[in-house]
Amino acid sequence: MAGVSAWLPFARAAAIGWMPVANGPMPVAPRDHSKRKDELIVLNVSGRRFQTWRTTLDRYPDSLLGSSEKEFFFNEETKEYFFDRDPDSFRSILNFYRTGKLHYPRYECISAYDEELAFFGIIPEIIGDCCYEEYKDRKRENVERLQDDQEENKDLKLPNMTARETMWRAFENPHTSTMALVFYYVTGFFIAISVLTNVVETVPCGTSTQQKEVPCGERYTVAFFCMDTACVMIFTVEYLMRLFAAPSRYHFMRSVMSIIDVVAILPYYIGLVMTDNEDVSGAFVTLRVFRVFRIFKFSRHSQGLRILGYTLKSCASELGFLLFSLTMAIIIFATVMFYAEKGSSSTKFTSIPASFWYTIVTMTTLGYGDMVPKTIAGKIFGSICSLSGVLVIALPVPVIVSNFSRIYHQNQRADKRRAQKVQKARLARIRIAKTGSTNAFLQSKRSGLLDELLELTGTEADEQKLSKSVSLLESQHYHLLYCLEKTTAHEFVDEQAFEQNNLETALQSYTSPSPSPSSSHGESTSTCCGCRARRKNTPPYHHHHPQRGPLQELSAIHIQCVDPASHKTSRSSLNQKAEDGGRVNCRRGQVTTAIISLQTPPRRPPPPPIPPQAPPSIQTMSSSHIVKVSAL
Amino acid sequence: MEPGPGRVKDSGKWQKPRFSRKALMKCCLVKWIIASTQPQDKGSFDSTRSSDSDLELSTVRHQPEGLDQLQAQTKFTKKELQSLYRGFKNECPSGLVDEETFKSIYSQFFPQGDATTYAHFLFNAFDKDRNGSIRFEDFVIGLSVLLRGSVTEKLNWAFNLYDINKDGYITKEEMLAIMKSIYDMMGRYTYPCVRDEAPSEHVDKFFQKMDRNRDGVVTIEEFIETCQKDENIMNSMQLFENVI
């Protein structure tokens, strides 16, 4: 609508056409008091100047630029509106005002673009049709990626899990504990053994003295029976354990995997129950066929198999279409071939259903050769049949393949991220960058206290030397944290000091802060849980706590301790200062954790504007979080 | 006397037709073939055939006359003309408005109802030379009359709008069509509900007022005279003075 707002004067003028037919007086027209002539306004976005008419921006009065909100950004000296945003994205936003259509540039990151739109008060839904599909696709991809990130936390062991929950978790994620891994491999081994015995059972291994060869199964009946029993035992135990551990038993019993489990072990029990009756032994033999379903139990062990199954499920419509079109073609060609071959003598095409076999074999280009047309017409139609078979089958297959590929890559992505090595290196680098900030704060706190001392003693030179290395912003920030400490009567300390204090309270089981980064998540977490539990006993002035929120991957950082050598890599030069005796040792802080965890959620209220040096900004956030923690 | 070869004398006696060039040119088929192979008459740069208007309109571009000429023709200032042209060009980059675009633009101001019929009448009122598209000059001249013209000029414009076939008389049928289109713009959700007889009743009232000599049509003189006597109408004519 706003695109045609320029035509509003025209529409109003055209209303004069109604006047003579009107029967009464017209309402008074609104007066345009501002009587502003259309002027050019300058929008300075991070140095790039955009100019447009004021009326262009007025077209959308519920956005930032169209309303009086932009007055907040007006710079009196330069008489322009200054926005500290990305000028590239601003281009598309301004074009929206000009043309009435919002476009999404492909090179733009989706979350950056969303942020810009939110800032300027434009809803993304009005993106034009030309770009909307692309936008939605990218958005969906992004959401999936974020979800993958969040799923990582499943692997973290939460404290106070019941035995049942632990067991279920061990079943679902075998890499979480060694017991689970052992169980996983054992079951896999037994599945393989079971399938192998089923196969070998039927191999003939008679000796030459026998008149006819008997399969091994009948020769070594006892051995095979023992093997079968052992496998079924294992499977039954496993199934019962899973049933016990499942959070929702009803849900578990209906799941595909459990049905496969049941079908795999049932034949054995039915076989036990049934007697060696002649009538039912036929049925019994068929039941043994179901033992082959044990091979599907491997899908718990193989992700590829699961993906395949999932793909087939999601491509159900394509598969259905394939089946339907094949059936149609089979019937058509079978009919044609039957009538074509009816004339020739001793033909194998005795009926239409008999021709089905020929059609299927031909369409799938198998060509066994047991049925061949002899008449010329039959041969012609036979060749048409084989040509069309190729086409019909080739059409839905790429769809299925692309589906499989997409799902597979999604899983690959999750796996990649789960790879410990990549994770650890990245986290370690981030942590090193962040630790500088904590140390900076603690250092400045000490120097602040030193300042006080110096003030008392009156040595000005020393005071100046200490205070000049901290910028005004940092000092204000530190002062804030310091005030907080005073308010809560607790102090910030770092990890080493905290652990020292805990050790001092003589609790021996504090074993995990080993310097090796290879400590598993589970163990370290339990340490910190222990810390928290024990914290209540520690004296209040040594109060510190790791952040435990339900946040992203980076909350795992705090668990790993790093050797003090990385001191030197921290950003702040304050670290070079000598530590005064009796004070807190500078070590990796669990404050670090809180800092990083807060960084990632995109929806938190933005921190107060802080210059691009990352550490101070992070600390601001950490302070707000540590408030929560200390209040416990 | 025998007529000379190749000459068809106009005498009463039937002459055997000769296959001559002159005779050939009289054949309709030949004439048509020759006509279609000749290059099409280009015509003036800014006129378009409305029969195949859609495709041609998108390729034809129209540049308006200069700013000064327009200023002379209308009562707008230079700045106003600039602002008007920018809005016009923004919506119609080719410089011409065809009826469909015009209808869609006008309909956007009346979302509840159907403004297409009234827009059609408006289009005809603006499109003075009836070539199926409004150029910027038409647009601006029309606006100049509506916004800056005298009351008489405005009344003339309104009469022109109502007189659909531009014959100088407003008949009851024409007025009914106009009235219906105005009521259509209201849409369904009105209070009180628009009854089906409402337009024709309104037309009757109008004719009662306007048609002095009761001859069933309203002429321009009757129209202007009646309107000038009506205070409401005179006041409402001044309503949109300061729209631009």
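Residues numbered from 1 in each chain as written. Chains lettered and ligands numbered in written order. Predicted model: local features only at pLDDT ≥ 70, side-chain atom pairs only at ≥ 80, totals over all residues. Heavy atoms only, no water.

Novice: Help me understand the nonpolar core, please; the structure alone is not making it clear to me.
Specialist: Where a protein is soluble and globular, its nonpolar side chains tend to be buried together. W7 of chain A together with Y106, L122, F139, Y162, M175 and F223 of chain B are the most contacted members of the largest nonpolar core, which has 63 residues in total. In this structure, I41, Y97, F120 and I122 of chain A belong to the second largest nonpolar core, which totals 25 residues. (Core = buried A, V, L, I, M, F, W, Y, C linked by side-chain atoms within 4.5 Å. Buried < 20%, exposed > 50% of the residue type's maximum accessible area, 1.4 Å probe, protein only.)

Novice: For this particular structure, what's the right way to read the pattern of salt bridges?
Specialist: Once the charged atoms of two side chains with opposite charge are near each other, the side chains can pair. Residue and element names in this part refer to chain A. Evaluation of the coordinates by the stated rule reveals 28 salt bridges over all chains. A salt bridge links R54 to E39; the nearest nitrogen and oxygen atoms lie 3.2 Å apart. Of this pair, R54 sits in helix α2 (residues 54-57) while E39 is found in the loop between α1 (8-14) and β1 (40-45), placing the two residues 15 residues apart along the sequence. Assessed through its relative accessible area of 12%, R54 is described here as buried. (Salt bridge = Lys/Arg side-chain N within 4 Å of Asp/Glu carboxyl O. Helix = DSSP H or I, 4+ residues; strand = E, 2+ residues; numbered from the N terminus.)

Novice: Help me understand the UniProt feature "transmembrane region" (unreviewed entry) in chain A, please; the structure alone is not making it clear to me.
Specialist: Residues and elements named next belong to chain A. Per the UniProt record, "transmembrane region" (unreviewed entry) is annotated on residues 179-200, 220-240, 252-274, 319-340, 352-368 and 380-401. Secondary structure within residues 319-340 divides into 100% helix and 0% strand; the distance between the first and last C-alpha atoms comes to 31 Å. For the annotated span residues 352-368, helix accounts for 71% and strand for 0% of the residues, and the straight-line distance between the end C-alpha atoms is 18 Å. (UniProt positions renumbered as here; feature names shortened; annotations may be inferred.)

Novice: Explain the UniProt feature "domain: EF-hand" (unreviewed entry) in chain B here, please?
Specialist: Within this structure's numbering, the places UniProt gives as "domain: EF-hand" (unreviewed entry) are residues 114-149, 150-185 and 198-233 of chain B. Between the end C-alpha atoms of residues 198-233 of chain B the distance is 21 Å, and the span holds 72% helix and 8% strand.

Novice: What's the story with the confidence of the model for chain B in this structure? I'm lost.
Specialist: If pLDDT is low for a region, its predicted coordinates should not be looked at in detail. All names here are of chain B. In the predicted model, chain B carries a mean pLDDT of 79, and 84% of its residues have values of at least 70. Summarising per-element confidence for chain B, the mean pLDDT is lowest in helix α3 (residues 53-59) (52) and highest in helix α7 (residues 116-126) (90). Note that residues 1-10 has pLDDT below 50 and, in this model, five contacts with residues that lie over four places away or in other chains. For this predicted complex, the interface confidence score (ipTM) comes to 0.70, while the overall pTM stands at 0.50. (pLDDT = per-residue confidence, 0-100. Contact = heavy atoms within 4.5 Å.)

Novice: Teacher, can you tell me more about the pairing of strand β4 (residues 80-83) of chain A here?
Specialist: Along any regular strand the residues' side chains alternate between the sheet's two faces. All names here are of chain A. Where β1 and β4 come together, three bridges link them in parallel fashion. Bridge pairing in β4 places N44 opposite F82. Bridge count for strand β3 (residues 74-75) against β4 is two bridges, and the pairing is antiparallel. If you follow F74 over to β4, its bridge partner there is Y81. Counting the residues in the hairpin turn of β3 and β4 gives four residues, including K79, whose phi is positive at 55°. (Pairing = 2+ DSSP bridges.)

Novice: Sorry if this is basic, but what is going on with the interface of chain A and chain B here?
Specialist: Quoted interface sizes are often the accessible area lost when the parts come together. Listed as interface residues are 34 residues of chain A and, on the opposing side, 46 residues of chain B. When the area that chain A buries against chain B is broken down by residue, the three leading residues are W7, F10 and I16 of chain A, summing to 22%. Counting across the chain A and chain B interface gives zero salt bridges. Ranked by residues supplied to the side of chain A that touches chain B, first place goes to α1 of chain A with seven residues. (Buried area = accessible area lost by both parts, 1.4 Å probe.)

Novice: How should the sheet that holds β3 of chain A be read in this particular structure?
Specialist: As a general point, the strands of a sheet are linked pairwise by backbone hydrogen bonds and lie either parallel or antiparallel. Residue and element names in this part refer to chain A. Reading across the sheet, the four strands line up as β2-β1-β4-β3 and stay open at both edges, with mixed pairing between neighbours. Two strands close off the open sheet at either side, each with one partner strand: β2 (48-53) and β3. Strands in contact with helix α3 (residues 87-99) are β1 and β2; relative to β2, the strand with the most contacts, it is inclined by about 5°. (Axes fitted to C-alpha atoms, helices over the stretch in contact; angles between N-to-C directions.)

Novice: Just checking my understanding: could you explain unusual backbone geometry for this structure?
Specialist: Residues other than glycine predominantly adopt negative phi, and peptide bonds predominantly adopt the trans conformation. Of note in the backbone geometry, T365 of chain A takes a positive phi value of approximately 55° without being a glycine. Note that T365 of chain A resides in the loop between α15 (352-363) and α16 (376-394). Even without being glycine, R130 of chain B reaches a positive phi, approximately 50°. Turning to its location among the elements, R130 of chain B is positioned in the loop between α7 and β2 (133-135).

Novice: Would you take a moment to explain a nonpolar patch on the surface for this structure?
Specialist: A contiguous nonpolar surface patch, about 380 Å² in accessible area, is contributed by I376, I380, F381 and I384 of chain A. If you trace the backbone, I376 of chain A turns up in helix α16. (Patch = residues over 30% accessible without salt bridge, like charges linked within 9 Å, V, L, I, M, F, W, Y side chains within 5 Å. Areas by Shrake-Rupley, 256 points an atom, 1.4 Å probe, with all protein chains shown as cover.)

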